[in-house]
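Geometric and topological summary
So the chains spell out like this:
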Amino acid sequence: MKITDARVFVGGPGKNYVTLKIMTDQGVYGLGDATLNNRETLPAAYLRDYLIPNLIGKDPRNSEDIWQFFYRGAYFRRGPIAMAAFGAIDMALWDIKAKLAGMPLYQLFGGKSRDGALVYAHATGADLDDLMESVARYVALGYKAVRVQCGIPGMPTASYAVPEQKSAGKDHITDFSGIIPKTEIWDTDRYMRFMPGALAEVRDRFGPELKILHDVHHRLLPREAAEFAKAVEPVGLYWLEDPTPAEDQSALRLIRQHATTPIAIGEVFNSIWDCNALIENELIDFIRVAVTYAGGITHVKRIVDLAALHHVRTGFHGAPSHSPISMAAQHHLNAWAPNFGIQEYLVLGTPACDALFPSDHALRDGLFHVSDAPGLGVDFDEDEAARYEYAPGSHPVVRLEDGTMWNY
Ligand code: KDG
Ligand code: MG
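Note on numbering: residues in each chain are counted from 1, in written sequence order. As they are written, the chains are lettered A onward and the ligands numbered 1 onward, keeping that order. Given that this is a predicted model, residues contribute local features only at a pLDDT of at least 70 and side-chain atom pairs are listed and counted only at 80 or more, while totals for whole chains, interfaces and linings are drawn from all residues. The basis for every side-chain value is the complete set of non-hydrogen atoms in the structure, without hydrogens or water.

It is worth spelling out helix α2 (residues 63-73) at this point. Remark: exposure states derive from per-residue accessible area (1.4 Å probe, protein chains only) relative to the maximum for the residue type, with buried under 20%, exposed over 50%, and partly exposed in between. Under the DSSP-based scheme used, a helix requires at least four consecutive residues in state H or I and a strand at least two consecutive residues in state E, with every element numbered from the N terminus. Looking at α2, one finds that the buried residues are S63, I66, W67, F70 and Y71. Along the long axis of α2, the arc covered by the buried residues comes to 120°, so they all point the same way. Set apart from the buried face of α2 by more than 90 degrees, the exposed residues are R72 and G73. Buried residues belonging to α2 abut β1 (3-10), α1 (41-55), α3 (80-101), α9 (272-280) and α10 (296-309). Taken from the helix axis, the directions to the C-beta atoms give the arc we talk about. In this analysis, two residues are considered to be in contact whenever any of their non-hydrogen atoms come within 4.5 Å of each other.

Turning next to the side chain of K15. Its location among the elements puts K15 in the loop between β1 and β2 (18-24). Polar contacts here mean pairs of N or O atoms no more than 3.5 Å apart (in protein, one a potential hydrogen donor and the other a potential acceptor; neighbouring residues in sequence count only if both atoms are side-chain atoms). Within polar-contact distance, the side chain of K15 engages the side chain of Y17 at 3.3 Å.

Before going further, it helps to examine the domain arrangement of the protein. Annotation comment: domain bounds sourced from an automatic or database domain assignment. Segmentation of the protein into domains returns domain 1 (3-104) and domain 2 (108-374). Here the C-alpha centre of domain 2 lies 26 Å away from the C-alpha centre of domain 1. Listed per partner, the contact involves 37 residues of domain 1 and 37 residues of domain 2. Defined in terms of a 1.4 Å probe, buried area is the accessible area two parts forfeit on being brought together, summed over both. Summing the contributions of domain 1 and of domain 2, the shared interface buries around 2,900 Å²; its carbon and sulfur component is 64%. We define a salt bridge as a side-chain nitrogen of Lys or Arg found within 4 Å of a carboxyl oxygen belonging to Asp or Glu. If you look at where domain 1 meets domain 2, you find two salt bridges. Close ionic contact of E64 with R302 constitutes a salt bridge, the shortest N to O distance being 3.0 Å.

Here a donor is any nitrogen, oxygen or sulfur atom (N, O, S) within 2.8 Å of the metal, with 3.2 Å used for Na, K and Ca; water is not among the atoms considered, so some sites may look incomplete. Around the magnesium ion (ligand 2), the donor atoms from the protein are D215 (OD), E241 (OE) and E267 (OE), and they sit 2.0 to 2.2 Å away. All donors of the magnesium ion (ligand 2) come from a single chain, and their spacing in sequence reads D-x25-E-x25-E. On the criterion of sequence distance, the pair formed by D215 in strand β7 (residues 211-215) and E241 in strand β8 (residues 239-241) is long-range, its members being 26 residues apart. Classification of D215 as buried rests on a relative accessible area of 2%.

This brings us to the pairing of strand β15 (residues 397-400). At least two DSSP bridges between two strands are required for those strands to pair. One ladder, built from four bridges, connects strand β6 (residues 183-186) with β15; its direction is parallel. Bridge pairing links W186 to L400 in β15. Pairing geometry for β15 and strand β16 (residues 405-406), over two bridges, is antiparallel. Within β16, the residue paired with R399 across the bridge is M405. Hairpin remark: β15 followed by β16, antiparallel, with four residues in the connecting loop; positive phi at G403, about 100°.

Quick look at the site of ligand 1 now. Neighbouring residues of ligand 1: 15 residues in total, closest N37, H217, E267, E344 and H395. Measuring from an oxygen atom of ligand 1, one finds a side-chain N or O atom of H217 at 2.7 Å. The contact in question runs from an oxygen atom of ligand 1 to an N or O atom on the side chain of R288, over 3.0 Å. Where accessible areas are quoted, they stem from the Shrake-Rupley method and a 1.4 Å probe; at the residue level, only the protein chains shown are allowed to cover. Contact with the protein chains covers 92% of the free accessible surface of ligand 1, which is 330 Å². Residues are labelled near a given molecule or strand when at least one of their non-hydrogen atoms is within 4 Å of it.

With that settled, consider the sheet that holds β2. Spatial ordering of the open sheet is given by β1-β2-β3, a layout of three strands whose pairing is antiparallel. In the strand order of this sheet, the two ends are held by β1 and β3 (29-33), each with one partner. Averaged over all neighbouring strand pairs, the angle between strand axes comes to 20°, with direction disregarded. Pairing of β2 with β3, which is carried by five bridges, proceeds in the antiparallel orientation. Angles run from 0 to 180 degrees between N-to-C directions of axes, and those axes are lines fitted to C-alpha atoms, restricted for helices to the stretch in contact.

Following both chains from N to C, one finds α1 and α2 inclined at 145°, their axes separated by 12 Å at the closest point. When the axes of α1 and α2 are compared, the crossing they make is right-handed. When α1 is examined against α2, the residues L51, N54 and L55 are found in contact with a partner set consisting of I66, F69 and F70. Two helices cross in a left-handed way if the nearer one is turned anticlockwise from the farther one by less than a right angle. They cross in a right-handed way if the turn is clockwise.

A word on unusual backbone geometry. Unusually for a residue other than glycine, H218 sits at a positive phi of about 65°. Considering the arrangement of structural elements, one finds H218 in the loop between β7 and α7 (222-231). Classification of H218 as buried rests on a relative accessible area of 8%. Positive phi, normally seen in glycine, also occurs at H311, with a value near 65°. As for its position among the elements, H311 is in the loop between α10 and β11 (313-314). Residue H311 is classed as exposed on the basis of its relative accessible area, which comes to 63%.

In this section: the pattern of salt bridges. The final tally for this structure, using the stated rule, is 20 salt bridges. In this structure, D215 engages R147 in a salt bridge whose closest nitrogen and oxygen atoms are separated by 3.2 Å. Remark: R147 occurs in strand β5 (residues 145-150) and D215 occurs in strand β7; sequence separation between them is 68 residues. Residue class for R147 comes out buried when judged on its relative accessible area of 2%. One connected set of salt bridges, linked through shared partners, spans D5, R7, K21 and E382.

Put into structure tokens, the structure is as follows:
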């Protein structure tokens, strides 16, 4: 069996999905996702210019060797662009393998460990009342877990994932007016004074059963993060995410020494080498890698197995940036993983998105039910894809009030 061709498509409804389709001489094809938010053309070029020419003629069933060929073969390896490109190939090869077996992908990992996998959505508000309404809407929809972000009184601009105005919601963070970013102003003191109390009010309003998550989005210094994690202990958060920038892993030790609040980190990690020390030293509770830019299923499964040895559960990244293809790969891992925790999942299943990526995966009562179709269980409609093209977009950047650059 041989790979005969592979093509990359960039575009989608309101997003620049990077979709890889690998064709074989037996008519079976596989799909992968290399979407890297606001840098989408780069993994697409890496695939087209360097990887696809090396794929043609290879046996698609040898997904491990093909992964090793690209990873070990790249002298300048790792990093989000390369790992997203490797990841897309890897997903497509697992899709082919499971289609050949006539089985849903999770069967190849060892079958299902659960029927429905817990997901969380993003509740947000310009202020606390607005946030309460947003949380209530998700609870009414059956969600058992919500991530909670809130506008901070006195903060000069809205901050991460918070709308400028009440009732505006905020599912997307990309601004498609161009590649010159907008600026958010950040004030740690105001955040530290307000946010623990806001989280406590959400807990009081919604009771003990709701799983409440919060994303600091890398904004705090290690000592501040330890103080914050300790201050929110009575809230009983399901997790506190990215309290500090991920580069300084010793910060996680300081947080651990001061608080028992569960810590989730890893959405910007690209490899097992970014998180093995955090996992082995049991400094985190949830690992947030994404199959997209952490090298696909082959590599992420290794991370999941390492995490399982150290009581670290999965909480894969699932921001709207990922296409339904990589989300499907994660849903299959979630169905299997003995150390599954939760999946970030925003229902952005607009009719246009469903038409581009048809599937029968289903969300019911806050639990995700993975498709039983052979392979990943997602298809890609090339006629629909022809309607879209790349649109340049950007994340905001963050500065302090005096103009100093800060972490987005
Ligand atoms: O592109 C960046 C987003 O994926 C990120 O900001 C989302 O932090 C995020 C989250 O937890 O979903
Ligand atoms: Mg996050």
